[in-house]
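Fold and geometry: a report
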Amino acid sequence: MDSHYSQSGSSRNDDSDGEQYTPRTPRRTPMACTFCRGRKLKCDGRPICSNCNRRGLACAYVPV
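Described in the following lines is the structure provided in the data block. What you see as residue numbers is a count from 1 along each chain, following the sequence as written. The predicted nature of this model means local features are confined to residues of pLDDT at least 70 and side-chain atom pairs, given and counted, to a pLDDT of 80 or more, with totals for whole chains, interfaces and linings taken over all residues. Working from all heavy atoms in the structure, the side-chain values ignore hydrogens and water.

**So, the overall build of the protein chain**
Put simply, the rule reads: Where helices and strands are cited, they refer to DSSP runs of H or I of at least four residues and of E of at least two residues respectively, numbered from the N terminus. To sort residues, take the accessible area from a 1.4 Å probe on protein chains only and compare it with the maximum for the residue type: under 20% means buried, over 50% means exposed, and anything in between is partly exposed. Residue exposure ignores everything except the shown protein chains as possible cover, and the areas themselves are Shrake-Rupley values with a 1.4 Å probe.
What the protein chain contains, in helices and strands, is 2 helices and 0 strands. Relative to its 64 residues, the protein chain shows a buried fraction of 12%. Carbon together with sulfur atoms contributes 48% to the accessible area of the protein chain, which is approximately 6,400 Å² in total.

In structure tokens:
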């Protein structure tokens, strides 16, 4: 069987500077407010999160 893929000496993750590639991961909020937790929305963790601010709700954080 013939292989249709050719292998080259370079790799996508290799840099000429020798730095290592690290994928960007989104920052995780330690705790979601009650509204975001109830609706399973992405909470940004601010004192008044953007979801509550947009809806004009009181933003409250309750420990689990």
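**Considering the pattern of salt bridges**
Quick reminder of the rule: Think of a salt bridge as a Lys or Arg side-chain nitrogen and an Asp or Glu carboxyl oxygen that are within 4 Å of each other.
With the rule as written, the count across this model stands at 1 salt bridge. A salt bridge links Arg-46 to Asp-44; the shortest N-O distance between them is 4.0 Å. Classification of Asp-44 as partly exposed rests on a relative accessible area of 31%.

**Observations regarding unusual backbone geometry**
Of note, Lys-40 is a non-glycine position whose phi angle comes to about 55°, a positive value. As for its placement among the helices and strands, Lys-40 is situated in the loop between α1 (34-39) and α2 (50-55).

**Considerations on the nonpolar core**
Our working definition: By nonpolar core is meant a set of buried Ala, Val, Leu, Ile, Met, Phe, Trp, Tyr and Cys residues that side-chain atoms within 4.5 Å join together. Contacts are assigned to residue pairs with any non-hydrogen atoms lying within 4.5 Å of each other.
Grouped together as the largest cluster of nonpolar side chains are 7 residues: Cys-33, Phe-35, Cys-36, Cys-43, Cys-49, Cys-52 and Cys-59. Those residues in contact with Cys-33, other than ones at most four positions away along the chain, are Cys-43, Cys-49, Cys-52, Cys-59, Ala-60 and Tyr-61.

**Here we look at the environment of Thr-29**
Positionally, Thr-29 belongs in the segment before α1. Thr-29 sits 13 residues away from Lys-42 along the chain, and the two C-alpha atoms are 8.9 Å apart. Setting aside anything within four residues of it in sequence, one finds Thr-29 in contact with Cys-43, Asp-44 and Gly-45.

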